[in-house]
Amino acid sequence: MATRDSLIQVTDLKKHYNRGAIKALDGVTVDINRGDVMVVIGPSGSGKSTFLRSLNLLEDPTSGSIVFDGVDITKRKYKDSQGKMVKVNIDQHRQKMGMVFQHFNLFPHMTILDNMTLAPIKVKGQDRAAAEEKALALLDRVGLKDRAGAYPIQLSGGQKQRVAIVRALAMEPEVMLFDEPTSALDPEMVGEVLDVMKGLAREGMTMVVVTHEMGFAREVGNRVLFMADGLLLEEGTPQAIFETPQHPRLKDFLSKVL
Amino acid sequence: MFIQMKNFSVVASYAQMFQEGLVVTILLSLFTVVFGFVLALALVLMRMSSFRPFLWLAHVSPGVFGFFERDGSGMKRDSGFVYHLGRFNPLSFLATAYVEILRSTPVLVQIMIIYFGVFQFIDLPSFKLFGFIRFNRFFPGVVALGMNSGAYLCEIIRSGVQSIDGGQSEAARSLGLRQSQNFQYIILPQALKNILPAIANEFVVIIKESAITYTIGVQDIMAAVQAVKGATSIIMEPLLVATALYFCLCFPTSKIIAYFERRMSRGDKR
């Protein structure tokens, strides 16, 4: 893995609440490389969602650093290539980090097509025709082109999540963050969403996935992180994590979920 | 009998006053709603702004004010004086104070203060709109009522904004939308839809509340009632006419808005 170029370097990331009484994250250090499919597993309350949400600063970390594309986004300013101090514009960095939520978070007052074209038009300044063409192509890819004019309420959970994924892809992100993307779905719809994610992984998209789908972790992930109590307890390939777990907490966790 | 038909024929001779009063009431309410809504939006933006001029206290580089910024173990502070000073938002404070003061005092007192206090020092032109609306009475009435209803509308809009699931903002921001874009395209459209019944209710309240402006000489429906009473000592009959007029204004208004509410909620249904 050292041969691949690193995209995000997380160093000693901490998120505390109530003067440190609650430690959601207590010092996580990890490098995310381009092309990685990093799957984060762990019991609920282990801080894996907080970790993921910290990556695009939906959570403001208490300390530590997140260097994305060479810029520490937890700081307010950074030195650019000419050595000038520049303000960190988090909106610019978030464009490059697609995020998929457990509860989809589609915009209910807009059609599927408008959901997908809003950010490309308003943030990237694309013209409507080009944005719509791209959106339709993406929808076609997940088999939902005919639902472009529908409202989110008219879709099933699995369809909503597929739209949420391509909505994030429409911004052409460098990394996709998935926060338990199948946890709110009926069991029969989990497969269709995982299939889209597998397709993305095959194309080489960098992905960080928080999930309870151990099958997905084993099959698609190239690195698996095990977190508990805000700490990164074990990291390794899927084979190492699932077949030769070391940490007692991991063994205990696997015995419960497998 | 207490209410006599012949008294209505006396009132009928004042028909023009009631007619003009009706127009004044309608215009007063319309201008008030527009002014109140714009004011309310400004107040909401102030209350929800992230203008924190003292935040630098919590972000200066360690070593300079490091003692204030970080606790002994190197963590960002999340309590204490400097933390709360850093979180202090003067815009939000002003807007909140405005809303609470306006909501906790009688509208009659507010109108008096605006008319006798503020507009005592401002010379308004004394022309008449449409030949019968005295601008130097009408305008203070609009300002006073608008300032009052702005406070209430602010709370209504704010509750609407807060009723939107936090995931909406998170999705919008993680797509790269700025906070202002998030507010404009995602939060406000959904919030306005949710609070439409409350806004409609507020509009009806304004129509009814506008009756109070006769105390500063605005010649609305209520002023016509007073004119009849002063000239003829007949009181119940003109009051009944006023009741009918107010009802005919308020009832259809709430029905019309209910119709638009149903139309706007179409996207929510299968």
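Residue positions are counted from 1 within each chain, in the order its sequence is given. The lettering of chains begins at A and the numbering of ligands begins at 1, in the order of writing. Reporting in this predicted model follows two pLDDT cut-offs: at least 70 for local features of residues, and 80 or more for side-chain atom pairs to be given and counted; totals over whole chains, interfaces and linings ignore these cut-offs and use all residues. No hydrogens and no water enter the side-chain calculation; it runs on all heavy atoms of the structure.

This part covers the sheet that holds strand β8 (residues 97–100) of chain A. Residues and elements named next belong to chain A. Strand order across the open sheet formed by six strands is β8-β9-β10-β3-β11-β12, with mixed pairing between neighbours. Both edges of this open sheet fall to β8 and β12 (231–236), since each of them pairs with a single strand only. The mean angle between the axes of side-by-side strands here comes to 20°, regardless of whether they run parallel or antiparallel. Pairs of strands are assigned from DSSP output, requiring at least two bridges between the strands. Secondary structure elements are taken from DSSP: a helix is a run of H or I of four residues or more, a strand is a run of E of two residues or more, and numbering for both begins at the N terminus. As paired elements, strand β3 (residues 37–41) and strand β10 (residues 206–210) share four bridges and run parallel to each other. Among the inter-strand pairings, M38 is bridged to a residue of β10, identified as V208. Should any heavy atoms of two residues lie within 4.5 Å, those residues are counted as being in contact. Note on definitions: angles span 0 to 180 degrees between N-to-C directions of axes, and those axes are lines fitted to C-alpha atoms, for helices only across the stretch in contact. Where helix α9 (residues 248–257) meets the sheet, it contacts β3, β11 (223–228) and β12, and its direction lies at approximately 100° from that of β11.

The next thing to look at is the nonpolar core. Residues grouped as a nonpolar core are buried Ala, Val, Leu, Ile, Met, Phe, Trp, Tyr and Cys residues, joined through side-chain atoms within 4.5 Å. The buried label goes to any residue with under 20% of its type's maximum accessible area, the exposed label to any with over 50%, and the partly exposed label to all in between, with areas taken from a 1.4 Å probe on protein chains only. In this structure, I8, F51 and L55 of chain A are the most contacted members of the largest nonpolar core, which totals 61 residues. Sort the elements by how many residues they give to this core and helix α9 (residues 179–209) of chain B lands first, with seven residues. When residues no more than four places from it in sequence are discounted, the contact partners of I8 of chain A are V30, D31, I32, L55, I66, V67, F68, M97 and V175 of chain A.

Residue and element names in this part refer to chain B. Two joining distances apply to patches: 9 Å for like charges and 5 Å for nonpolar side chains (Val, Leu, Ile, Met, Phe, Trp, Tyr), and every residue must have over 30% relative accessible area and no salt bridge. Using the Shrake-Rupley algorithm and a 1.4 Å probe, accessible areas are obtained, with residue cover drawn only from the displayed protein chains. Take a side-chain nitrogen of Lys or Arg and a carboxyl oxygen of Asp or Glu: if they are within 4 Å of each other, that pair is a salt bridge. A surface patch of nonpolar side chains, amounting to about 500 Å² of accessible area, comprises F54, W56, F88, F93 and L94. With respect to the helices, strands and loops of the structure, F93 is situated in helix α5 (residues 90–103). Of the residues examined, F93 reaches a relative accessible area of 52% and is grouped as exposed.

Here we come to the confidence of the model for chain B. All names here are of chain B. pLDDT gives the predictor's per-residue confidence on a scale running from 0 to 100. A residue-level look at chain B finds 89% of positions with pLDDT of 70 or above and a mean pLDDT of 85. Helix α8 (residues 166–174) holds the highest mean pLDDT among the elements of chain B, 95, whereas helix α3 (residues 66–69) holds the lowest, 53. Our summary of model confidence lists the complex with pTM equal to 0.81 and ipTM equal to 0.90.

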